[in-house]
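Take a look at the letters that make up each chain.
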Amino acid sequence: MAKSNSPILFLFLIINFTIPSTLTSQSLNCPMPPELSDHLRLDPLSLQSAATDYGNIIHNIPAAVLFPTSVQHISSLIGASYTCSTPFGVAARGNGHSTRGQAMVSDNNGGVVVDSRGLREFKSGGAGILISKSGLYADVGGEQLWSDVLNVCVGEGVSPISWTDFLGLTVGGTLSNGGISGQSFRMGPQITNVLEMDVVTGKGELVTCSPVNNSELFYGVLGGLGQFGVITRARIPLGHVLDRVLWIQILYSNFTAFILDQERFITLHGKEREHKISYLEGGILLDNGTPNTWKTSFFSPNNISQIESLIKKHGIIYNIEVASSYDTLTSKTISKQMDDFIKQLRSVPDFVSKKDVSYVEFMTRVPGVGVDENKEAHPWLNLFVPKSRVSDFDSGVLRDIVLARNITTGPILFYPLLRDKWDDRMSAVIPDEDIFYTVALLYSSEINDWEKYEDQNKAILDYCDKSGIKVKQYLKYHSTQDDWIQHFGSKWQTFKDRKTLFDPKFILSPGQHIFN
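These numbers come from a predicted model, not from an experiment.

Participant: Would you mind showing me how to read the pairing of strand E8 (residues 196–201) here?
Facilitator: Residues in a regular strand project their side chains so that they alternate between the two faces of the sheet. Among the 6 residues of E8, 6 are classified as buried, and the element is accordingly described as predominantly covered. Side chains of E8 alternate between two faces, with Glu196, Asp198 and Val200 and Met197, Val199 and Thr201 buried alike. Of the strand pairs in this sheet, E8 and strand E10 (residues 229–240) are connected by 6 bridges, and their pairing is antiparallel. Of the residues in E10, the one forming a bridge with Glu196 is Arg235. Strand direction decides the pairing type here: E8 and strand E9 (residues 206–209), joined by 4 bridges, are antiparallel. In the strand pairing of E9, Val199 is matched with Val207.

Participant: What is the right way to look at the packing of aromatic side chains in this model?
Facilitator: Scanning the entire structure with this criterion turns up 28 aromatic pairs. An angle of 70 degrees between the planes, with centres 5.8 Å apart, marks the rings of Trp146 and Trp163 as edge-to-face. Here Trp163 lies in the loop between strand E7 (158–160) and helix H6 (171–175) and Trp146 lies in helix H5 (residues 146–154), a separation of 17 residues in the sequence. Each member of the pair, Trp146 as well as Trp163, is classed as buried. Each member of the aromatic cluster is reached from another via a ring pair, and the members are Phe228, Trp484, Phe488, Trp492, Phe495, Phe506 and Phe515. Of note, Arg365 hangs over the ring of Phe362, and the distance from its end group to the ring centre comes to 4.3 Å.

Participant: What should I look at first to understand the sheet that holds strand E20 (residues 472–473) in this one?
Facilitator: Backbone-to-backbone hydrogen bonds join strands into a sheet, with any given pair of strands oriented parallel or antiparallel. Reading across the sheet, the 8 strands line up as E14-E11-E13-E12-E17-E18-E16-E20 and stay open at both edges, with antiparallel pairing between neighbours. With one partner strand each, in any of the chains shown, strand E14 (351–358) and E20 form the two edges of the open sheet.

Participant: What should I look at first to understand the state of the cysteines in this one?
Facilitator: Note: disulfide means a covalent bond formed between the sulfur atoms of two cysteine side chains. Applying the stated criterion across every chain yields a total of 1 disulfide. Here Cys30 pairs with Cys84 through a disulfide, and the sulfurs are 1.9 Å apart. Given an S-S torsion of about -85 degrees, the disulfide between Cys30 and Cys84 has left-handed geometry. Taken as a pair, Cys30 in the loop between helix H1 (7–28) and strand E1 (40–41) and Cys84 in the loop between helix H3 (71–83) and strand E3 (89–93) lie far apart in primary sequence, 54 residues in all. Like Cys30, the residue Cys84 is buried in the burial classification.

Participant: I'm lost on the pattern of salt bridges in this one. Help?
Facilitator: Two side chains with opposite charge may pair up if their charged atoms get near one another. Going through the model one piece at a time under the given rule, you end up with 23 salt bridges. With a shortest N-O distance of 2.6 Å, Arg100 and Glu454 are connected by a salt bridge. Taken together, the residues Arg100 in the loop between E3 and strand E4 (111–115) and Glu454 in helix H14 (residues 451–467) connect sequence positions 354 residues apart. Between Asp356 and Arg244 there is a salt bridge whose closest N-O contact spans 2.7 Å. With Asp356 in strand E14 and Arg244 in strand E11 (residues 244–252), this pair connects stretches of sequence that are 112 residues apart. Its relative accessible area of 40% is what places Asp356 among the partly exposed residues.

Participant: Explain the environment of Ser132 to me, please; I cannot follow it from the model alone.
Facilitator: Looking at where Ser132 falls in the secondary structure, it is placed in strand E5 (residues 129–132). As a C-alpha pair, Ser132 and Glu156 span 24 residues in sequence and 9.9 Å in three-dimensional space. Only 3.0 Å separates the side chain of Ser132 from the backbone nitrogen of Gly135, close enough to count as a polar contact.

Participant: Can you help me understand the confidence of the model for the protein in this one?
Facilitator: Detailed reading of the predicted coordinates is not advisable wherever pLDDT falls low. With 90% of its residues at a pLDDT of 70 or more, the protein shows a mean pLDDT of 89. Below a pLDDT of 50 lies the segment residues 1–26, which in the model reaches 15 contacts outside its immediate sequence neighbourhood of four places, other chains included.

Participant: Can you help me understand H3 in this one?
Facilitator: A turn of α-helix holds 3.6 residues, and therefore any two residues three or four places apart point the same way. Helix length check: H3 (13 residues) gives 18 Å between terminal C-alpha atoms against 18 Å at 1.5 Å per residue, within 8%. As for H3, its buried residues are in contact with strand E2 (64–66), E3, E4, helix H4 (117–122), E8 and E10.

Participant: Got a minute to help me understand the nonpolar core in this structure?
Facilitator: A general trend in soluble globular proteins is that nonpolar side chains are found buried together. Counting 109 residues, the largest nonpolar core has Met197, Phe393, Phe414 and Ile460 as the members making the most contacts within it. Top contributing element to this core by residue count: helix H13 (residues 390–405), with 7 residues. By size, the runner-up hydrophobic cluster in this structure holds 23 residues, among which are Leu28, Leu42, Leu66 and Val114.

Conventions adopted
Residues numbered from 1 in each chain as written. Predicted model: local features only at pLDDT ≥ 70, side-chain atom pairs only at ≥ 80, totals over all residues. Heavy atoms only, no water. Buried < 20%, exposed > 50% of the residue type's maximum accessible area, 1.4 Å probe, protein only. Helix = DSSP H or I, 4+ residues; strand = E, 2+ residues; numbered from the N terminus. Pairing = 2+ DSSP bridges. Phe/Tyr/Trp six-rings, centres within 6.5 Å; stacked < 30°, edge-to-face > 60°. Lys NZ or Arg CZ within 6 Å of the ring centre and 35° of its normal. Disulfide = S-S within 2.5 Å. Salt bridge = Lys/Arg side-chain N within 4 Å of Asp/Glu carboxyl O. Polar contact = N/O pair within 3.5 Å; in protein donor to acceptor, adjacent residues only side chain to side chain. pLDDT = per-residue confidence, 0-100. Contact = heavy atoms within 4.5 Å. Expected span 1.5 Å × (residues − 1). Core = buried A, V, L, I, M, F, W, Y, C linked by side-chain atoms within 4.5 Å.

Here is the structure:
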């Protein structure tokens, strides 16, 4: 065993503890604050992990990855870039589920990715989730996963009131986009269910904001794609949990009945705010895969052949999921309410199936997915389509493009939302109609076979443009600033002004390609 004063050991320590900081300074052309020396990583494994996301399409290697264990580390990093003569980009990475490099630095070796796993692991055991049962809210770290928020809250008999379908996403990540699911028609997206936030701006300043305190930052950050700050804490309103969920799926062959029944449901139930799941999502089943490829695998093996026959006959089958939560006091009425809903449908459904599950089972219905560097790519397309043109979208896109090309694998969501549940002061952009539809084409492809899906996405967008269907992209990706200007429309000037105010050196979220 070598002695402590061994020249070899001394040389080893010199190499391992001085070269990383030297390389960091050279790569970024900026001196790094000393408190970051143990948290900036330059090893190939760390760099590669931040260079790939769930889309597995864009790959950009950063100069370094920050694994913070405190909010101050994030503030110090951004502050170092802000005061540097040549600022470097900083991208906040949640759980790696972006699809087009939105949580990466835009060019190889061009900046630092902040990996929120550092904070999440440091605050393990629910330390990043503090519940106030008296105030019915939770203070949640931006790095926390919604699945962990669910587990901690349910243990206290409470729960957030607006969700996404998949819960393996970070709080800061979904609030930077919108956060939608089948509850959104009633409770609004996640961005309209925030009381207060702590945000590190593009100047490295930690700012607390709310609708009445630093409101310009508050509204800008919500749906702001990470352009104005990194969310480090969000205060989320809670409601009381009901134990069970009655969940049904209805299959249609008639598109008109499919959309009219959805719109009637959200119009009737969209004004209710009491905390029970009143959930609706629609979806599409195509004649190029079995129904068990659907996201919930809801259908039993005994029904598969019958459903496959319906899909073969019609080419497309439309699916509505409806769910309501209940407890012992309401258990006798919930089934009748569901039966009444089915009786009032526009047409006799081709197929109806029911499940009775726990609240947690329902909330975790979408299985976990991870970043896979070797097997799959996900060239997703997520759109908001105005109600007035959904029939044209069905015929011109779903049938004449998607079904005709016969390449789509993965679920397709198709369900309505209400404009009055959104707040126009926020950065998120939606169609200018009272009702609009979420259409999510959640493709999976072989790792080297995603280009044909990209061609299909382009064909869909070209069709909408030429047909005058004024869609807006959700979880959007544009490669030029002109496209972003068109996307934001009347909100562009406000968005640009907020960037100048909160990130004047264009440091944050370069992977979005809005200002970089």
